[in-house]
Amino acid sequence: MKLNFFNVLLICGLFVAGLASCTKGSKAGNDASLQLIPYPDSVTFNNDSLDISAGFNLTVQRITEDKKAWFTDYLQSADLPVSDGNKLILNLIVEDGSGEVPVSDEGYRLSVHRKGATITASSETGIFYGLQSLLQLSVDKTKIPLLDIQDEPRFSYRGLMIDCSRHFFPLDFLKKQINMMAHYKLNKFHWHLTDGPGWRIEIKKYPELTQIAAWRTDSLWKDWWATNPRKYVKEGTPGAYGGYYTQDQARELVKYAGERHIEIIPEIEMPGHSEEVLAVYPQLSCTGKPYTSSEFCIGNPETFVFLENVLSEIAALFPSKYIHIGGDEASTEHWKNCPKCQALMKKEGLKDEKELQSYLIKRIEKFLTSKGKRLIGWDEIMEGGLAPEATVMSWRGEEAGIKAAEAGHDVIMTPGKYCYFDQYQGFPDTQPEAIGGFLPIEKVYSYNPVPDSLTAETAKHILGVQANMWAEYIATQKHAEYMIWPRLLALAEVAWTKPENKSWDNFKTRVNHAIPYLQSKGFNPYTLSKQPFLETKTDKEQNAILVTLSSELYPVDIRYTTDGSQPSVASEIYTEPILVKDSALIVAQLYRGNAPVGNLVFKRVDYHKAIGKKVTYVSPFSPYYPAGGDEALVDGYVGGLTHGDGRWQGFNVPEMEFIVDLGKTHSLHTVNMNFMQNGNAWIWFPKQVFVEISQDGNTFVPLTKIATKIAKNAEGTLFEPFVWKGQASARYVRVKAVSNGTKGGWMFLDEVVIW
Ligand code: ACM
């Protein structure tokens, strides 16, 4: 019987006596789900289990003796005992093509039967993945279910990028991550090797890159970034921070990853993010002076000599099909004022500096093609015209990826909203400092890398998906693991499992099970939010707000109150959205049995007087952060933990001002506005908020003036209520918020609550 995940639950409930507590539904016990991540294509349970505590005897077909020895060592180190004396056979078979059910290159069949286990695949990659499934089933080293799995990935590109420039991560750390990536069937490691904060790969022709450009004055990126000018120092200088990988180390990592069926894709940044190169070779910048530019001078032929020499060594070092050339966030300013760049533009008939950048990318693509390589770049490489064979990594959203796919280019989806693992994953006040944003594991899990707008044909150009671990705020190995795991497990399932076999509720049980495994292997995963999450939805027909509570932890209950009191073991257990007709102060807490877990969550929810009323903006909100547009501030939706969640409205002005028309005169007692601050994202509380009222919309009288109580340099993501309470009567409420004066700074507001 061929089953997907949902039938499996049903069948379990009906027939499988051998599996303990096989129950149905999202609140089913953990045993109801197969403890596999990513979830496989199809599973048939065979109503019994196999005792594997004695281990297996390994036999192979069409696998060399050397490789058999490698598999034996690998399984031993993964704690699955393999030796000749064992009764159970683990048979690994690479097919000769005559198999009944062909499996794709990376696919496999795993059969656990009374005599042991058989893994069949058309390649050693498939065998390797079959073994990962067996290893996951065998974690407890006791009994595993008799079953047949047929499995293959949804996408051929399943990646993780680690930024080794902003902070340096040693080779052993990378091996550890790569080993665990392979366990979850990821197959691409994108190695961000160069960037302004440090060059990280030995290039024989240019020793200064590792003697100087790999070393900086401050260990923490944040401190170094704040210095002016940012300096590099010679290797060995007291206090110097940095590091690099020798070419031998790079080869070692390539081999290590290759054995685990992971391709390493090196990234060499150009033409921007190159301050470190230009500090040691300033002649390659437009000004010719160090510490003045992030971009290579494209008009200087020496730039191409340098880049091609570097890429020649990189191409020889990395057997990968792809080389990533960066391409993101280059400024055109220097090129505009550079005689060499302008002369090249004239000679080549390039109409603007975007086309100049495109000229560089196209030339580099030609060079890489001559080396038998394909070019990948961040989505800015589309600007000014995309190189003919380039693969696009869509990071500023999905639009560039959609455009590229429609134009016949391959695409890797890595939109910041779902794939940037440098964002917060829990309540910011419980987390180490992050770059901002909020990307909980459920959101990663919810991602579908194929946008609905693509046809079946263009969708084929979506090769897959990648998580990016940028390291601005991530200085230690422990912290890096904390940001990567277990979110990467969600991404692994996004990349491998077909949408019809995905279920957040089921994944939640599996990921909770996987965390102790990660810990047992010496990892430092985030152990999921100890607070429930709260979301609101406005229902104008019922004149109410629906409040949804959810939890990542499993199994737990969510207990809550609506009157602001502290929940107790006697409080209601959340089962369905809470309907708030007027006003409630929801307080919620997780419980394991009778024991509270973690911190309380408070949220004031109001179906208030201004909901649905007209707002006139005297200063406009930013088109980049409209939230719900003109209604956003009076739609009943409160913002979440990131300014990018579509609930927060952003104002990029020194003074924001809007007027709410309540339609008729009301007696008023409260005006309440929650602003957000996150200095890393250039968002600050207003210095002062003025609230005024009017009967006619022309003559306003002041109600209050409220100053922020929180310092501009307070760290993290913060929320501050600006509140007036009193007695008044008015039809119009005018709000003016004055920024703290930081040039280019933002103010973010989610709702103006008026009672
Ligand atoms: C990027 O995040 N600048 C690719």
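Predicted model only: the values in this text are computed from it and were never measured.

Draft legend 1. Structural context of the overall build of the protein. A tally of helices and strands in the protein yields 19 helices and 30 strands. Here the C-alpha atoms of the protein give a radius of gyration of 29 Å, agreeing with the 27 Å that 2.2 N^0.38 yields for 755 residues. Overall size of the protein, expressed as C-alpha extent along the three principal axes, is 90 × 75 × 55 Å. For the protein, the proportion of its 755 residues judged to be buried stands at 59%. Long-range contacts, defined as pairs at least 24 residues apart, comprise 72% of the intrachain contacts of the protein with a sequence gap of at least 6.

Draft legend 2. Representation of the side chain of Asp-379 in the model. Along the chain, Asp-379 turns up in the loop between β13 (374-378) and β14 (391-394). Given the relative accessible area of 2%, Asp-379 is considered buried. Not counting residues up to four positions away in its chain, the partners in contact with Asp-379 are Val-392, Met-393, Ser-394, Trp-395, Arg-396 and Ala-400.

Draft legend 3. Region of the structure containing the packing of helix α11 (residues 339-348) against helix α12 (residues 353-370). At their nearest, the axes of α11 and α12 sit 10 Å apart, and the two run at 80° to each other. Judged on the interaxial angle alone, α12 and α11 are roughly perpendicular. Counted together, Cys-341, Gln-342, Leu-344, Met-345 and Glu-348 of α11 and Glu-353, Leu-356 and Tyr-359 of α12 form the full contact between these two elements. A breakdown of the residues in the contact of α11 with α12 according to their chemical character gives five nonpolar, one polar and two charged.

Draft legend 4. Focus on the environment of Pro-686. As for its placement among the helices and strands, Pro-686 is situated in the loop between β26 (655-677) and β27 (688-694). Residue Pro-686 is classed as buried on the basis of its relative accessible area of 0%. Sequence-wise, Pro-686 and Gly-628 are 58 residues apart; in three dimensions their C-alpha atoms are separated by 21 Å. Beyond its immediate stretch of four places on either side in the chain, Pro-686 contacts Phe-675, Thr-708, Phe-722, Ala-737, Val-738, Ser-739 and Met-747.

Draft legend 5. Region of the structure containing the packing of aromatic side chains. Scanning all chains against the criterion turns up 45 aromatic pairs. Among the aromatic residues, those joined into a ring-pair cluster are Trp-70, Phe-71, Tyr-74, Phe-128, Tyr-129 and Trp-496. Note that Arg-260 overlies the ring of Tyr-256, its terminal NZ or CZ placed 3.7 Å from the centroid.

Draft legend 6. Local environment of the pairing of strand β11 (residues 263-270). With respect to burial, β11 is a largely interior element, seven of its eight residues being buried. The pairing of β11 with strand β12 (residues 322-326) spans two bridges and is classified as parallel. In the sheet register, Glu-267 faces β12, and the bridge partner there is His-324.

Draft legend 7. Inspection of the nonpolar core at higher detail. Grouped together as the largest cluster of nonpolar side chains are 186 residues, with contacts concentrated most on Phe-169 and Trp-191. By size, the runner-up hydrophobic cluster in this structure holds 32 residues, among which are Val-634, Val-653, Leu-662 and Val-733.

Draft legend 8. Representation of the pattern of salt bridges within the structure. Evaluation of the coordinates by the stated rule reveals 32 salt bridges. For Arg-166, the salt bridge goes to Asp-163, with nearest N and O atoms at 3.0 Å. Residue class for Asp-163 comes out buried when judged on its relative accessible area of 0%. In the salt-bridge network here, residues are joined through shared partners; they are Asp-163, Arg-166, Asp-195 and Glu-472.

Draft legend 9. Broad picture of unusual backbone geometry. A cis amide bond links Met-270 with the next residue in sequence, Pro-271, at an omega value of -15°. For Pro-271, the position within the fold is in the loop between β11 and α8 (275-280). That bond from Trp-485 to Pro-486 is cis: its omega, 5°, falls within 30 degrees of zero. Locating Pro-486 in the fold gives a position in the loop between α17 (477-484) and α18 (487-496). With a phi angle near 55°, Glu-329 is a residue other than glycine that sits in the positive phi range. Within the fold, Glu-329 resides in the loop between β12 and α10 (333-336). On the basis of relative accessible area, Glu-329 is assigned to the partly exposed category, the value being 46%.

Draft legend 10. Looking closely at the sheet that holds strand β6 (residues 143-151). The six strands lie next to each other as β1-β6-β4-β5-β3-β2, forming an open sheet whose pairing is mixed. Looking at strand neighbours, the two that pair on one side only are β1 (42-51) and β2 (56-61), the edges of this open sheet. Adjacent strand axes in the sheet meet at a mean angle of 15° when their direction is disregarded.

Draft legend 11. Up close: the environment of Lys-687. Topologically, Lys-687 is positioned in the loop between β26 and β27. Sequence separation between Lys-687 and Val-738 is 51 residues; the distance between their C-alpha atoms is 5.7 Å. Apart from the residues lying within four places of it in its own chain, the contact partners of Lys-687 are Ile-706, Ala-707, Thr-708, Val-738, Ser-739 and Asn-740.

Draft legend 12. View of the state of the cysteines. Under the criterion given, the structure shown has zero disulfides. Cys-338 supplies the cysteine sulfur nearest to Cys-297, a cysteine that is in no disulfide, at a spacing of 3.7 Å. Considering cysteine sulfurs only, Cys-164 is the nearest to Cys-419, which forms no disulfide, with 19 Å between them.

Draft legend 13. Layout of the side chain of Thr-497. Note on placement: Thr-497 falls in the loop between α18 and α19 (504-520). One polar contact links the side chain of Thr-497 to the main-chain carbonyl oxygen of Tyr-39, over a distance of 2.8 Å. Setting aside chain neighbours within four positions, we find Thr-497 in contact with Pro-38, Tyr-39, Arg-154 and Lys-502.

Draft legend 14. Spatial organisation of the packing of helix α4 (residues 171-183) against helix α7 (residues 247-259). Where α4 meets α7, the axes come as close as 10 Å, and the angle between the chain directions of the two elements is 15°. By the criterion of interaxial angle, the relationship of α4 to α7 is roughly parallel. Note that α4 runs across α7; the crossing there is right-handed. Along its contact with α4, which presents Leu-171, Leu-174, Lys-175, Ile-178 and Asn-179, the element α7 presents Gln-249, Glu-252, Leu-253, Tyr-256 and Ala-257. For the contact of α4 with α7, the class distribution of residues is six nonpolar, two polar and two charged.

Draft legend 15. Representation of helix α13 (residues 399-406). The complete set of buried residues in α13 reads Ala-400, Gly-401, Ile-402, Ala-404 and Ala-405. Looking at the buried residues of α13, the elements they touch are β14, β15 (411-413), α16 (456-459) and β16 (462-469). Gly-408, located one to two residues past α13, shows a positive phi value of around 90°.

Draft legend 16. Representation of the sheet that holds strand β19 (residues 557-561) within the structure. Read from one edge to the other, the open sheet built from four strands follows the order β20-β19-β22-β23, with strand pairing classed as antiparallel. The sheet is open, and its two borders are formed by β20 (572-573) and β23 (595-606), each paired with just one other strand. Two elements, β19 and strand β22 (residues 583-592), share five bridges in a ladder whose sense is antiparallel. Its bridge partner being in β22, Arg-559 is matched across the sheet by Gln-589.

Draft legend 17. Expanded view of the confidence of the model for the protein. Across the protein, the average pLDDT comes to 93, with 95% of residues at or above 70. Segment residues 1-32 is flagged for pLDDT under 50; beyond a separation of four residues in sequence, or across chains, it makes 60 contacts in the model.

Draft legend 18. Geometry of the environment of Met-413. Tracing the chain through its elements places Met-413 in strand β15. Along the primary structure Met-413 and Val-392 are separated by 21 residues, whereas in three dimensions their C-alpha atoms are 8.3 Å apart. Setting aside residues up to four positions removed in sequence, Met-413 forms contacts with Ser-394, Glu-398, Gly-401, Ile-402, Cys-419, Tyr-447, Pro-449, Pro-451, Ile-462, Gly-464, Val-465 and Gln-466.

Here is what the cut-offs are and how they apply
- Residues numbered from 1 in each chain as written.
- Predicted model: local features only at pLDDT ≥ 70, side-chain atom pairs only at ≥ 80, totals over all residues.
- Heavy atoms only, no water.
- Helix = DSSP H or I, 4+ residues; strand = E, 2+ residues; numbered from the N terminus.
- Rg over C-alpha atoms; globule rule 2.2 N^0.38 Å.
- Buried < 20%, exposed > 50% of the residue type's maximum accessible area, 1.4 Å probe, protein only.
- Contact = heavy atoms within 4.5 Å.
- Axes fitted to C-alpha atoms, helices over the stretch in contact; angles between N-to-C directions.
- Parallel < 35°, antiparallel > 145°, perpendicular 65-115°, else oblique.
- Nonpolar A, V, L, I, M, F, W, Y, C, P; charged D, E, K, R; others polar.
- Phe/Tyr/Trp six-rings, centres within 6.5 Å; stacked < 30°, edge-to-face > 60°.
- Lys NZ or Arg CZ within 6 Å of the ring centre and 35° of its normal.
- Pairing = 2+ DSSP bridges.
- Core = buried A, V, L, I, M, F, W, Y, C linked by side-chain atoms within 4.5 Å.
- Salt bridge = Lys/Arg side-chain N within 4 Å of Asp/Glu carboxyl O.
- Disulfide = S-S within 2.5 Å.
- Polar contact = N/O pair within 3.5 Å; in protein donor to acceptor, adjacent residues only side chain to side chain.
- Left-handed = near helix turned anticlockwise from the far one by under 90°.
- pLDDT = per-residue confidence, 0-100.

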